[in-house]
Amino acid sequence: MNDLPIIRLTPKTNARALRWGAPWVYADEVVMDRRTKGIAAGAIVLLQDSKRQDIGLAAFNANSKIIARVLERDVSVAINRDWLKVKLQRALALRQDLFDTPFYRLIHAEADGLPGVIIDRFGDAAVIQPNAAWAEVLLADLASALTEVAGVTTIIKNASGRSRVLEGLSEETLVMQGALDEPVPVRLNGATYLADLLGGQKTGLFYDQRPNHALAAQLAKGKAMLDVFAHVGGFALAALANGATSALAVDSSAAALDLATQGARLTGVAGKLSTQRSDAFDAMTALAADNRKFGVVVCDPPAFAPNKAALEAGLRAYERVARMGAALTDKDGYLVLCSCSHAADLNKFRDACLRGIGKAGRKAQIVATGAAGPDHPTHPYLAESSYLKALFLRLD
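Thresholds applied
Residues numbered from 1 in each chain as written. Predicted model: local features only at pLDDT ≥ 70, side-chain atom pairs only at ≥ 80, totals over all residues. Heavy atoms only, no water. Helix = DSSP H or I, 4+ residues; strand = E, 2+ residues; numbered from the N terminus. Rg over C-alpha atoms; globule rule 2.2 N^0.38 Å. Contact = heavy atoms within 4.5 Å. Areas by Shrake-Rupley, 256 points an atom, 1.4 Å probe, with all protein chains shown as cover. Lys, Arg positive; Asp, Glu negative; His and termini not counted. Charge placed at Lys NZ, Arg CZ, Asp CG, Glu CD. Phe/Tyr/Trp six-rings, centres within 6.5 Å; stacked < 30°, edge-to-face > 60°. Buried < 20%, exposed > 50% of the residue type's maximum accessible area, 1.4 Å probe, protein only. Lys NZ or Arg CZ within 6 Å of the ring centre and 35° of its normal. Pairing = 2+ DSSP bridges. Axes fitted to C-alpha atoms, helices over the stretch in contact; angles between N-to-C directions. 1 Å grid on protein atoms, 1.4 Å probe; cavity = no way out; pocket = protein on both sides within 12 Å on 5 of 7 lines; lining within 4 Å. Points joined across faces, edges and corners; volume = space filled by probe spheres on them. Nonpolar A, V, L, I, M, F, W, Y, C, P; charged D, E, K, R; others polar. Parallel < 35°, antiparallel > 145°, perpendicular 65-115°, else oblique. Left-handed = near helix turned anticlockwise from the far one by under 90°.

## A closer look at the overall build of the chain
The number of helices and strands found in the chain is 12 helices and 19 strands. The C-alpha atoms of the chain give 22 Å as radius of gyration, which agrees with the globular expectation for 396 residues (21 Å, within 12%). Overall, the chain is about 70 × 45 × 35 Å in size when its C-alpha atoms are taken along their principal axes. Across the chain, the fraction of contacts at a sequence separation of at least 24, relative to all contacts at a separation of at least 6, is 62%. Accessible area for the chain stands at about 17100 Å²; split by element, carbon and sulfur atoms hold 49% of it. One finds the centroid of the 45 positive side-chain charges in the chain at a distance of 6 Å from the centroid of its 41 negative side-chain charges.

What follows is the structure in structure tokens.
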């Protein structure tokens, strides 16, 4: 460990939370002298408190507001391919306990001990999102370890999105290993989805919504569904596969809706799905003008509040979605409202939604509150790892 650069916390920084398991060190919590500023992005460092007592090994990036991400408490351990294998094996064991087929989120960043790393598995293929500089440096070792542990034959690097920008990293998507010529079929909740691992949103499919798809599908049996911000038909296809009479999927992406249509055909419900390429707010306005009503309305928008600075505007947007969705929901029908904004906690999100429903002149029962599936575990010291919220409401 004598070869590792050392970074130290400022005297005002409380090291207690880090010793107990908090994973992040912010830039203003570290002594930034010339030596520290010269440490390469992605380097493994020895993290110490202001009294020079070891805290653990961390990944360093002076370009990021999160200047250090704690990787390991045992400072005698080497952060290498073997270390990565151990992390992957532990994560895989959890998913094998949860699922019968290899379609799931395999690594959920800090919650699985690999800060800034997302890995979604699609059978023999996997998509890696190396959203932290240290993962970019060790990407070849990570891919090699993933192949050995999980037995995947195709690996996609999806290096795009806001997290990469915040780390000062470039964006690119490429096939690191194997070959991929077409979307991958994924069977979930009785429906078949098509995941575009190279050109789709995020890694191609939103595994986090799996349990919420299932509950919405149960409520939609015998009813018509409106799926707004539908992507590849996550809620709509599950509902149709489980007895919904019809579903209208609305999204701004023609490519995503084409995959939804193909998924409906593979699921055997092609005649029951209709799609509309449109801005979600424009579509809901037009549907309301036509006095359309649905037994179940689902609104699963992108993150309206991706950070604290956007929180107030984001809450207003969630309120607007709730108001417009409520106007399209049948009496005694169900309105499902989702948020993937970690900056908007459950209480704030729920309050915004209830304001919108009230402004629509409706009253609601909260039937259930959903979160991400168990393949998206929560880090106990990191609220950001528990980002997904879903409200299931029955309207009068």
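## Points about the packing of aromatic side chains
Tallied over the entire structure, the rule returns nine aromatic pairs. Arranged with centres 6.3 Å apart and planes meeting at 90°, the rings of Trp24 and Tyr26 form a pair that is edge-to-face. Tyr26 gets classed as partly exposed once you look at its relative accessible area, which sits at 29%. Ring centres of Phe99 and Tyr104 lie 5.9 Å apart, and the angle between their planes is 20°; this geometry places the pair in the stacked category. Residue classification places Phe99 among the buried positions, given a relative accessible area of 16%. Given the relative accessible area of 2%, Tyr104 is considered buried. Taken together, the ring pairs in this structure connect Phe229, Phe281, Phe304, Tyr318 and Phe349 into an aromatic cluster. The side chain of Arg210 reaches across the aromatic face of Phe99, ending 4.1 Å from its centre.

## Thoughts on the side chain of Lys157
With respect to the secondary-structure elements, Lys157 resides in strand S9 (residues 154-159). On the accessibility criterion, Lys157 (4% relative accessible area) is buried. If sequence neighbours within four positions are ignored, Lys157 has contacts with Ile128, Pro130, Glu136, Leu139, Arg164, Glu172, Thr173, Leu174 and Met176.

## Quick notes on unusual backbone geometry
Even without being a glycine, Arg52 presents a positive backbone phi close to 70°. The backbone of Ala109 sits at a positive phi, close to 50°, despite the residue not being glycine. Considering the arrangement of structural elements, one finds Ala109 in the loop between strand S6 (103-108) and strand S7 (117-122).

## Some remarks on the sheet that holds S9
Spatial strand order, S6-S7-S8-S9-S10: five strands in an open sheet with mixed pairing. Sheet topology places S6 and strand S10 (172-177) at the edges, where each strand pairs with a single neighbour. Recorded for the sheet is a direction-independent mean angle of 20° between the axes of neighbouring strands. Inspection of the sheet shows S7 paired to strand S8 (residues 125-130) by six bridges, in the antiparallel sense. Paired with Ile118 across the strands is Gln129, a residue of S8.

## Considering empty space enclosed by the protein
Using the criterion set out here, one finds one cavity of 30 Å³ or more in the structure. Taken as a whole, the largest cavity encloses approximately 50 Å³ of empty space. Around the largest cavity, the lining residues are Gly42, Ala59, Phe60, Asn61, Ser64, Ile66, Ile67, Arg69, Ala132, Ala133, Trp134 and Glu167. Breaking the lining of the largest cavity down by element, the ones donating at least two residues are strand S4 (54-60), strand S5 (66-72) and helix H4 (133-137). Residue contributions to the lining of the largest cavity peak at three residues, all from S5. When grouped by side-chain class, the residues that make up the lining of the largest cavity number seven nonpolar, three polar and two charged.

## Concerning the packing of helix H11 (residues 311-327) against helix H12 (residues 346-359)
One way to put it is that H11 packs onto H12 with a least axis distance of 7 Å and a crossing angle of 40°. Of the possible angle classes, the one that applies to H11 and H12 is oblique. Judged by the sense of rotation from one axis to the other, the crossing of H11 with H12 is right-handed. Contacts between H11 and H12 pair Leu311, Leu315, Tyr318, Glu319, Ala322, Arg323 and Ala326 from the former with Lys348, Phe349, Ala352, Cys353, Arg355, Gly356, Ile357 and Lys359 from the latter. For the contact of H11 with H12, the per-class residue count stands at nine nonpolar, one polar and five charged.

## Concerning the layout of surface pockets
Computed from the structure, the second largest pocket encloses a volume of approximately 390 Å³. As for the second largest pocket, its lining consists of 20 residues, of which Lys87, Glu110, Ala111, Asp112 and Gly113 are closest to the centre. When contributions to the lining of the second largest pocket are tallied by element, the ones reaching two or more residues are S5 and helix H3 (81-98). Top element by residues in the lining of the second largest pocket is H3. It accounts for five residues.

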